[in-house]
Amino acid sequence: MQTAFRSDEKFTQAEFWDWLQELPASDINRYELLGGRIIMTPPARIGHSVVAARIVFALGRYARMTGGLVLESSAGFDLPSGDTLQPDVSFISAARRTNEMMTKPTGFIDVVPDLVIEVLSPSTARRDRIEKKKIYERCGVDEYWLVDPRRCEVTIFARDGEGFGAARVFGAGFLISRVVAGVELSIEELFGDLD
């Protein structure tokens, strides 16, 4: 399964914002700017949404305790690479959180999140594994999770110097994160009852 739409024309982040403002309110699709091209994917299926909600809930407790901020997929990030992406879940630590990002009236967030999580689906898996991983790595994301509901596993890439280190795959037990070390989330809790 492929992306539902990818523009031929290239856009800047400002042009992309303007383009989005022209969409009808009834448009429920998700748009991102990747390599200057507008990418559209259809709304997520229920299993994808359930898994993302469980992650948001687990990270939310941690964010409240540490002064960080957890965001779901409606949050867009203008990244230094020129890409504008909407991760399924993101976490911004208290150290990266700014007053400006909380009060900015328009546009996307101008902060690189500490943690980015993408829940894989047939229409996005290849892009999440390759293109987005490279962008997040290049922009300074400290940790990147690829959550695979079909395989019931989570792959975590953590920053090691200038890039991400080797993948750590979790198929059972608790996830081990450097960025959100206080979060207790097990594979069983994350994927339970999704069959």
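Residues numbered from 1 in each chain as written. Predicted model: local features only at pLDDT ≥ 70, side-chain atom pairs only at ≥ 80, totals over all residues. Heavy atoms only, no water.

Participant: Any details on the overall build of the protein chain? Residues and values, ideally.
Facilitator: A count of helices and strands for the protein chain gives five helices and 12 strands. The C-alpha atoms of the protein chain give a radius of gyration of 16 Å, which matches the 16 Å a tight globule of 195 residues would have. Looking at the protein chain as a whole, 49% of its 195 residues are labelled buried. Here the contacts in the protein chain between residues at least 6 apart in sequence split such that 58% fall between residues at least 24 apart. When the accessible area of the protein chain is evaluated, it comes to approximately 10000 Å², of which 53% is carbon and sulfur surface. Measuring between centres, the 23 positive side-chain charges of the protein chain sit 4 Å from its 29 negative side-chain charges. (Helix = DSSP H or I, 4+ residues; strand = E, 2+ residues; numbered from the N terminus. Rg over C-alpha atoms; globule rule 2.2 N^0.38 Å. Buried < 20%, exposed > 50% of the residue type's maximum accessible area, 1.4 Å probe, protein only. Contact = heavy atoms within 4.5 Å. Areas by Shrake-Rupley, 256 points an atom, 1.4 Å probe, with all protein chains shown as cover. Lys, Arg positive; Asp, Glu negative; His and termini not counted. Charge placed at Lys NZ, Arg CZ, Asp CG, Glu CD.)

Participant: Describe the packing of aromatic side chains, and please don't skip the residues or the numbers.
Facilitator: On inspection of all chains with the given rule, the structure shows eight aromatic pairs. Geometrically, the ring pair formed by Trp19 and Tyr31 is edge-to-face, given 5.0 Å between the ring centres and 75 degrees between the ring planes. With a gap of 12 residues between them, Trp19 in helix H1 (residues 13–21) and Tyr31 in strand E2 (residues 30–34) connect regions that are remote in the sequence. Their ring planes at 55 degrees and their centres at 5.1 Å tell us that Tyr136 and Tyr144 sit as a pair that is tilted. Here Tyr136 falls in the buried class, since its relative accessible area comes to 1%. By relative accessible area, Tyr144 is classed as buried at 0%. Three or more aromatic residues link up through ring pairs in this structure, and these residues are Phe16, Trp17, Trp19, Tyr31 and Phe108. Note that Lys133 overlies the ring of Phe157, its terminal NZ or CZ placed 4.6 Å from the centroid. (Phe/Tyr/Trp six-rings, centres within 6.5 Å; stacked < 30°, edge-to-face > 60°. Lys NZ or Arg CZ within 6 Å of the ring centre and 35° of its normal.)

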